[in-house]
Amino acid sequence: MNILVLGSGGRESALAYRLAQSPRTEKLYVAPGNAGTGLWAENVALDPLNFAQVKDFIIENRIEMLVVGPEDPLVKGIHDYFLADANFRDLIIVGPCKEGARLEGSKRFAKEFMQRAGIPTAAYSVFEKGQLARAKAFLRTLKPPYVLKADGLAAGKGVLIETDLTRAEQALDEMLEQGMFGAASEQVVIEEFLSGMELSVFVLTDGTDYKILPEAKDYKKVGEGDCGLNTGGMGAVSPVAFADVAFMKKVEDRIVKPTLAQLQKDKIPYSGFLFIGLMNVNGDPYVIEYNVRMGDPETEAVMPRLKSDLVELFIAMHENRLHEINLEIDPRQALCVMLVSGGYPESYKKGFEVKGTQAVAPDTLLFHAGTKPDSEGRAVTCGGRVLGVVSLAEDLPSAMRKTYAEVEKIEFEGVYYRKDIGKDLCR
Ligand code: AMP
Ligand code: GLY
């Protein structure tokens, strides 16, 4: 089978790594890919948002499976685009249609959906442009910290958490009235602050049947001890000790099953990954957000643990027979440390050669993210998150030791990484 993966980050590197191992895979392409995906796949210079260009490539290269890595093409309707064309009836598409992608594309839609389904989530209210006074009045009825969320996609930056009321009111003004996130913040969800440990749960589903993949924990803050600015993710671990059988049963019964039941009730077809970001509040899961794709950098920790054939899983999803699959999971601890450009998530320089990757132990995985090959084929930095380093070991302290020993071998100008990924979970 010929497969095309859309995207260029660490997530797509990890997906490509797994897809390349399937005996079902004949030709694997990643568009546009990065300096690392070339190891497992052929990079092609396509823009994932240029659907017509993707379509031409699919026809010319007889692609039978399209795996959509990021949310943008899904929210903009790439699945619907192919569904509308009878020539692509047999194309296996991993990722939902536009309507299902609203679970990620609109915070308001997601909150109203959860409310209809009775899914545990933070209490909230929604305000639109022109309702600033009412929004501020509502804010004053809440206790800090204040959680403000732009309704639409804002490149992962649309959530503000403010401890000070005046700053929160100011932020609300900037979001609703000054277009802080453009059209995305013309509606703002204000919600109750939940405190606890976060967990990322991944479900592969055809809308009815589902498989819960290994869970992960992401480290979003740039600084050690979870301080500083939010990032796309500085590292991840899988499994996560507190997500034991009893906790995951609550997640399945209170969140996964009601989510799928509500999708069916609302007549929203769904096929692909559903990523549930949740908070463990005193042993009970509350949904923070839905995403309609895999997480990044969680995928880099999850894929190395997935022993089942990923291509088979996608085919089973397409043929509505996920129930026939017995997931095989590596019980070992995976740990991913992201190496980022100095200055990230604020401004940073690009174009530095990534050195030392050859010296990394063969049982450690390198998932390139913000890299591209230069004219001589060397990997140079081209983004904030540059490279994920992943090891598997018997327990968390060993996985930390092993991963960090390899991380130290890699260099590029300004390289920065958190030295405490996994530390909070070590007992
Ligand atoms: P999101 O973009 O919805 O994932 O939000 C970004 C981050 O903000 C989350 O990963 C949480 O760390 C934090 N967050 C979002 N909503 C809440 C909430 N209601 N209570 C506490 N933290 C939150
Ligand atoms: N790691 C969080 C995300 O992918 O949204």
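Residues numbered from 1 in each chain as written. Chains lettered and ligands numbered in written order. Predicted model: local features only at pLDDT ≥ 70, side-chain atom pairs only at ≥ 80, totals over all residues. Heavy atoms only, no water.

Trainee: Hey, could you run me through the sheet that holds strand 11 (residues 210-212) in this one?
Mentor: To summarise the sheet geometry, strands pair through backbone hydrogen bonds and adopt either a parallel or an antiparallel arrangement. One open sheet accounts for 4 strands, arranged 11-10-16-17; its pairing is antiparallel. Lying at the two open borders of the sheet, with one neighbouring strand each, are strand 11 and strand 17 (284-291). The mean angle between the axes of side-by-side strands here comes to 30 degrees, regardless of whether they run parallel or antiparallel. Two elements, strand 10 (residues 197-205) and strand 16 (residues 272-281), share 9 bridges in a ladder whose sense is antiparallel. When the sheet's bridge partners are listed, V203 is paired in strand 16 with L274. (Pairing = 2+ DSSP bridges. Helix = DSSP H or I, 4+ residues; strand = E, 2+ residues; numbered from the N terminus. Axes fitted to C-alpha atoms, helices over the stretch in contact; angles between N-to-C directions.)

Trainee: Quick question: what am I supposed to make of the environment of E312 here?
Mentor: Its location among the elements puts E312 in helix 11 (residues 310-318). On a C-alpha basis, the gap between E312 and S22 in space is 8.1 Å, while along the polypeptide they are 290 residues apart. Beyond its immediate chain neighbours, meaning those up to four positions away, E312 contacts R24 and I325. (Contact = heavy atoms within 4.5 Å.)

Trainee: Looking at this structure, I do not really get the sheet that holds strand 4 (residues 65-68). What am I missing?
Mentor: Within the open sheet, the 5 strands sit side by side as 3-2-1-4-5. Their pairing is parallel. Single-partner strands in this sheet number two, and they are strand 3 (42-43) and strand 5 (92-94). Packed onto the sheet, helix 2 (residues 51-60) meets strand 1 (2-7), strand 2 (27-32) and strand 4 and runs at close to 160 degrees relative to strand 1. Sheet strands touched by helix 11: strand 1, strand 4 and strand 5. Its angle to strand 5, the strand with the most contacts, is close to 105 degrees.

Trainee: What is the right way to look at the site of ligand 1 in this model?
Mentor: Around ligand 1, 15 residues are found, and the nearest of them are E191, E192, L194, E198 and E289. Take E192: an N or O atom from its main chain is 2.9 Å from a nitrogen atom of ligand 1. In the model, an oxygen atom of ligand 1 is placed 2.4 Å from a nitrogen or oxygen of the E198 side chain. Relative to its free-state accessible area of 470 Å², ligand 1 is covered by the protein chains to the extent of 90%. (Near = heavy atom within 4 Å. Polar contact = N/O pair within 3.5 Å; in protein donor to acceptor, adjacent residues only side chain to side chain. Areas by Shrake-Rupley, 256 points an atom, 1.4 Å probe, with all protein chains shown as cover.)

Trainee: Any chance you could explain the site of ligand 2 here in plain terms?
Mentor: Contacts to ligand 2 come from D218, G232, F275, N291, R293, G295, D296, P297 and E298. Contact between ligand 2 and D218: a nitrogen atom at 2.8 Å from a side-chain N or O atom of the residue. In this structure, an oxygen atom belonging to ligand 2 sits 2.9 Å away from a side-chain N or O atom of R293. Its residues placed into classes, the shell around ligand 2 shows 2 nonpolar, 3 polar and 4 charged. (Nonpolar A, V, L, I, M, F, W, Y, C, P; charged D, E, K, R; others polar.)

Trainee: Where do I start with the packing of aromatic side chains in this structure?
Mentor: Each pair of aromatic rings is reported with the distance of its centres and the angle of its planes. What the rule picks out here adds up to 15 aromatic pairs. Relative to F247, the ring of F242 has its centre 5.7 Å away and its plane inclined at 85 degrees; by these criteria the two rings are edge-to-face. Considered together, F242 and F247 belong to a single accessibility category, that of buried residues. Following the ring pairs from residue to residue traces out a cluster consisting of F51, Y81, F82 and F88. Positioned over the ring face of Y219 is K217, at 3.9 Å from the centre of the ring. (Phe/Tyr/Trp six-rings, centres within 6.5 Å; stacked < 30°, edge-to-face > 60°. Buried < 20%, exposed > 50% of the residue type's maximum accessible area, 1.4 Å probe, protein only. Lys NZ or Arg CZ within 6 Å of the ring centre and 35° of its normal.)

Trainee: It is not clear to me how the nonpolar core should be interpreted in this structure. Could you clarify?
Mentor: In summary, soluble globular proteins display a tendency toward joint burial of nonpolar side chains. Core analysis: the largest hydrophobic core is formed by 121 residues, its most contacted members being L4, L66 and I276. Ignoring sequence-local partners within four residues, the contact set of I276 consists of L199, S200, V201, V203, I255, V256, V287, E289 and Y290. Membership of the second largest hydrophobic core comes to 15 residues, among which are A135, A168, L172 and M175. (Core = buried A, V, L, I, M, F, W, Y, C linked by side-chain atoms within 4.5 Å.)

Trainee: Would you mind going over empty space enclosed by the protein with me for this structure?
Mentor: Regions of empty space are outlined by a rolling probe, equal in size to a water molecule, passed over the atoms. In total, this model carries 1 cavity of 30 Å³ or more according to the counting rule given. By volume, the largest cavity amounts to about 70 Å³. Lining of the largest cavity is provided by 13 residues; of these, K107, A110, K111, I288 and E289 occupy positions nearest its centre. Elements that contribute at least two residues to the lining of the largest cavity include exactly helix 5 (98-105), helix 6 (107-117), strand 9 (187-191) and strand 17. Per-element accounting of the lining of the largest cavity gives the leading share, 4 residues, to helix 6. Along the lines of polarity and charge, the residues of the lining of the largest cavity split into 6 nonpolar, 1 polar and 6 charged. (1 Å grid on protein atoms, 1.4 Å probe; cavity = no way out; pocket = protein on both sides within 12 Å on 5 of 7 lines; lining within 4 Å. Points joined across faces, edges and corners; volume = space filled by probe spheres on them.)

Trainee: What is the right way to look at the layout of surface pockets in this model?
Mentor: Approximately 470 Å³ is the volume found for the second largest pocket. Forming the walls of the second largest pocket are 21 residues, and the residues nearest its centre are L39, T357, Q358, L366 and H368. Per-element accounting of the lining of the second largest pocket gives the leading share, 3 residues, to strand 19 (residues 365-368). Classifying every residue of the lining of the second largest pocket gives 11 nonpolar, 7 polar and 3 charged.

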